[in-house]
Amino acid sequence: MEKRIKEVEPILHRQKCPACEYYTVYRAIPAGDKALDTCTYCGHQVAIAWHHEIKAVFKNTEKFLKNMEEMCPELKDLKNPGDHIKLD
C-alpha cells in the first residue's frame, strides 16, 4: 500500500516585513515542526515554529491590521502575493 503524504497549503497573511519595512503579504509554508515564512515582496525569509495554534496567531495579526484599516485604508489593498505598501 502506498503511503500518502498530506500536502499542506501555504498560508497567506499580512504583516510588516522587518527587512524591506513594507506591509506586505507573507507566505508561510509548513514543513514538519517548522515553517518558512517569506515576504512575497522582497523575499526575506524566516523559519518559525509550526504548532497547532499558528493559524490563530495569524488570525490575531489579521484582526489587528483589519482594525488599522480605518486609519490606513491602503492596507485593504494587500490581497495578493507581491502586494506591498509603505506606511509612515
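Placed above this text is the structure.
Caption draft 1: Spotlight on unusual backbone geometry. Of note, Glu21 is a non-glycine position whose phi angle comes to about 65°, a positive value. Along the chain, Glu21 turns up in the loop between strand S1 (11–16) and strand S2 (23–31).

Caption draft 2: The arrangement of the pairing of S1 in detail. Pairing of S1 with S2 involves six bridges; the strand directions are antiparallel. Paired with Ile11 across the bridge in S2 is Ala28. In textbook terms, the turn of a hairpin is the stretch between consecutive antiparallel strands, and for S1 and S2 this stretch comprises six residues, one of which, Glu21, has a positive phi near 65°.

Caption draft 3: Expanded view of the nonpolar core. Formed by Tyr23, Val25, Leu65, Met68, Cys72, Leu75, Leu78, Ile85 and Leu87, the largest nonpolar core amounts to nine residues. Among the elements of the structure, S2 and helix H1 (54–68) are those that each provide at least two residues to this core. Within the second largest apolar cluster, six residues are counted, among which are Ala35, Ile48, Ile54 and Phe58.

Caption draft 4: Region of interest: the pairing of strand S3 (residues 34–39). As paired strands, S2 and S3 are joined by six bridges and run antiparallel to one another. Bridge assignment links Arg27 to a residue of S3, and that residue is Thr38. Between S2 and S3, which pair antiparallel one after the other, the connecting turn spans two residues, and Gly32 there sits at a positive phi close to 70°.

Caption draft 5: Geometry of the pattern of salt bridges. Per the counting criterion, the structure on display carries three salt bridges. Between Lys66 and Glu69 there is a salt bridge, with its nearest N and O atoms 3.6 Å apart. Three or more residues joined by partner-sharing salt bridges are found here, namely Arg14, Glu62, Lys66 and Glu69.

Here is what the cut-offs are and how they apply
Residues numbered from 1 in each chain as written. Predicted model: local features only at pLDDT ≥ 70, side-chain atom pairs only at ≥ 80, totals over all residues. Heavy atoms only, no water. Helix = DSSP H or I, 4+ residues; strand = E, 2+ residues; numbered from the N terminus. Pairing = 2+ DSSP bridges. Core = buried A, V, L, I, M, F, W, Y, C linked by side-chain atoms within 4.5 Å. Buried < 20%, exposed > 50% of the residue type's maximum accessible area, 1.4 Å probe, protein only. Salt bridge = Lys/Arg side-chain N within 4 Å of Asp/Glu carboxyl O.

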